[in-house]
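Overview (structure and organization)
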Amino acid sequence: MHILRILSSPRGAASESNLLSDSVIRHLQQCAHPEPVTLENLDATTLAHVDDDYAHAVSGPHAGHQHTPAAGTLAASSRLIQSLDRADCLVIATPMHNYTVPAGLKNWIDHVVRAHSTFQITPQGKIGALRDRPVYVAMASGGPVAGPHARQPDFLTPYLKAVLATVGLKDVIFFTVEGTAGNGAMLAAARQQAEQAVAGHFGLALQQSPL
Ligand SMILES: Cc1cc2nc3c(=O)[nH]c(=O)nc-3n(C[C@H](O)[C@H](O)[C@H](O)COP(=O)(O)O)c2cc1C
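Residues numbered from 1 in each chain as written. Predicted model: local features only at pLDDT ≥ 70, side-chain atom pairs only at ≥ 80, totals over all residues. Heavy atoms only, no water.

1. Considering the nonpolar core
Residues I6, L90, I92, W108 and L160 are the most contacted members of the largest nonpolar core, which totals 36 residues. Within the residue set of this core, elements represented by two or more residues are strand 1 (2–7), helix 2 (52–58), helix 3 (72–86), strand 3 (89–95), helix 4 (103–112), strand 6 (135–141) and helix 5 (156–166). I25, I173, A190 and V198 belong to the second-largest nonpolar core, a separate cluster that totals 17 residues. (Core = buried A, V, L, I, M, F, W, Y, C linked by side-chain atoms within 4.5 Å. Buried < 20%, exposed > 50% of the residue type's maximum accessible area, 1.4 Å probe, protein only. Helix = DSSP H or I, 4+ residues; strand = E, 2+ residues; numbered from the N terminus.)

This is the structure in structure tokens:
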């Protein structure tokens, strides 16, 4: 099994979404055992914004007709799409930034959700071109985003679901560590709750797999 992990926190080793995604990966490895697992980590915070070449390739009068070799972010986009294509499953580690995905993850999305490539525009709407496979999202937020204590909108979850479905990725599972801005005890409780959700999900998967 080959896992592609997208990392998008600027906080490096201190990142709660990265930590939670480590746990998802450990469980995926356990479920896959004895099948070997390979992991490709992609740091989305290092990606350039899409450029002029890319914009012309996806929109405007010559969209979808490429006459010159791809350069700039169009070439980068093709490489990122290839690496997404190779993956059997995807793990996305994401902080909530201003109610939605951080800029680095949005950049990666702009590179791989590409008209005339990973989706087609038809009179019936946008049709995804990628094969479906599991996507695990490990999300971290400073405050609560769901339940009775949430005091903020959550555009991250519905946005990721919609944009991944655009390219054909519809099997999206969310795990969240909420309230990372709380005191030590609150953070420990939030981590434990998120960890239990991951263990519960994969424990069930292990029980159901015909070993
Ligand atoms: C630019 C920025 C915007 C943020 N916006 C929100 C927000 O809208 N809601 C929230 O609950 N936390 C917000 N936070 C807090 C982060 O979600 C929190 O620190 C979380 O742990 C980040 O994930 P990470 O630890 O993986 O980096 C924001 C943090 C930053 C740096």
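2. Notes on the sheet that holds strand 2 (residues 38–43)
Within a sheet, adjacent strands bond to each other through the backbone by hydrogen bonds, running parallel or antiparallel. Taken together, the five strands give an open sheet; going across it, the order is 2-1-3-6-7, and neighbouring strands pair in parallel fashion. Each edge of the open sheet carries a strand with a single partner, namely strand 2 and strand 7 (172–178). When strand polarity is set aside, the average angle formed by the axes of neighbouring strands in this sheet is 15°. Pairing of strand 3 with strand 6 involves six bridges; the strand directions are parallel. If you follow P95 over to strand 6, its bridge partner there is A140. Helix 1 (residues 16–32) contacts strand 1, strand 2, strand 3, strand 6 and strand 7 of the sheet and is inclined by roughly 160° relative to strand 3. Contacts from helix 4 reach strand 1, strand 2 and strand 3, with the element oriented near 145° to strand 3. (Pairing = 2+ DSSP bridges. Axes fitted to C-alpha atoms, helices over the stretch in contact; angles between N-to-C directions. Contact = heavy atoms within 4.5 Å.)

3. Quick word on the packing of aromatic side chains
One pass over the full model with this rule turns up two aromatic pairs. On the numbers, 5.2 Å between centres and 45° between planes, the contact of Y136 with F202 is tilted. Here the residue Y136 occupies a position in strand 6, and F202 occupies one in helix 6 (residues 184–208), the gap between them amounting to 66 residues. Comparing Y136 with F202 shows no difference in burial state: the two are buried. Each ring, one from F175 and one from F202, has its centre 6.3 Å from the other, and the planes form 35°; the classification is tilted. In this pair, F175 is assigned in strand 7 and F202 in helix 6, connecting sequence segments 27 residues apart. Each member of the pair, F175 together with F202, is buried. (Phe/Tyr/Trp six-rings, centres within 6.5 Å; stacked < 30°, edge-to-face > 60°.)

4. Here's the deal with the environment of A75
Looking at the secondary structure, you find A75 in helix 3. Note: C-alpha distance between A75 and L28 (47 residues apart in sequence) is 31 Å.

5. Some words on the pattern of salt bridges
Between side chains of opposite charge, a pair can form when the charged atoms approach closely. Taken as a whole and judged by the stated rule, the model has four salt bridges. A salt bridge links E16 to R191; its shortest N-O distance comes to 2.7 Å. A residue pair is termed long-range when its members are at least 10 positions apart, and E16 in helix 1 and R191 in helix 6 qualify at 175 residues. Residue classification places E16 among the buried residues on the basis of a relative accessible area of 7%. With a shortest N-O distance of 2.9 Å, D110 and K106 are connected by a salt bridge. Here the residue D110 and the residue K106 both occupy positions in helix 4, the gap between them amounting to four residues, near one helical turn. (Salt bridge = Lys/Arg side-chain N within 4 Å of Asp/Glu carboxyl O.)

6. Examining the pairing of strand 7
For a regular strand, side chains alternate in direction, first toward one face of the sheet and then toward the other. Pairing geometry for strand 6 and strand 7, over seven bridges, is parallel. Each bridged residue has a counterpart across the sheet, and for Y136 the counterpart in strand 7 is I173. Following the chain from strand 6 across helix 5 to the adjacent parallel strand 7, one finds a crossover that is right-handed. (Right-handed = clockwise from strand over helix to strand, strands pointing away.)

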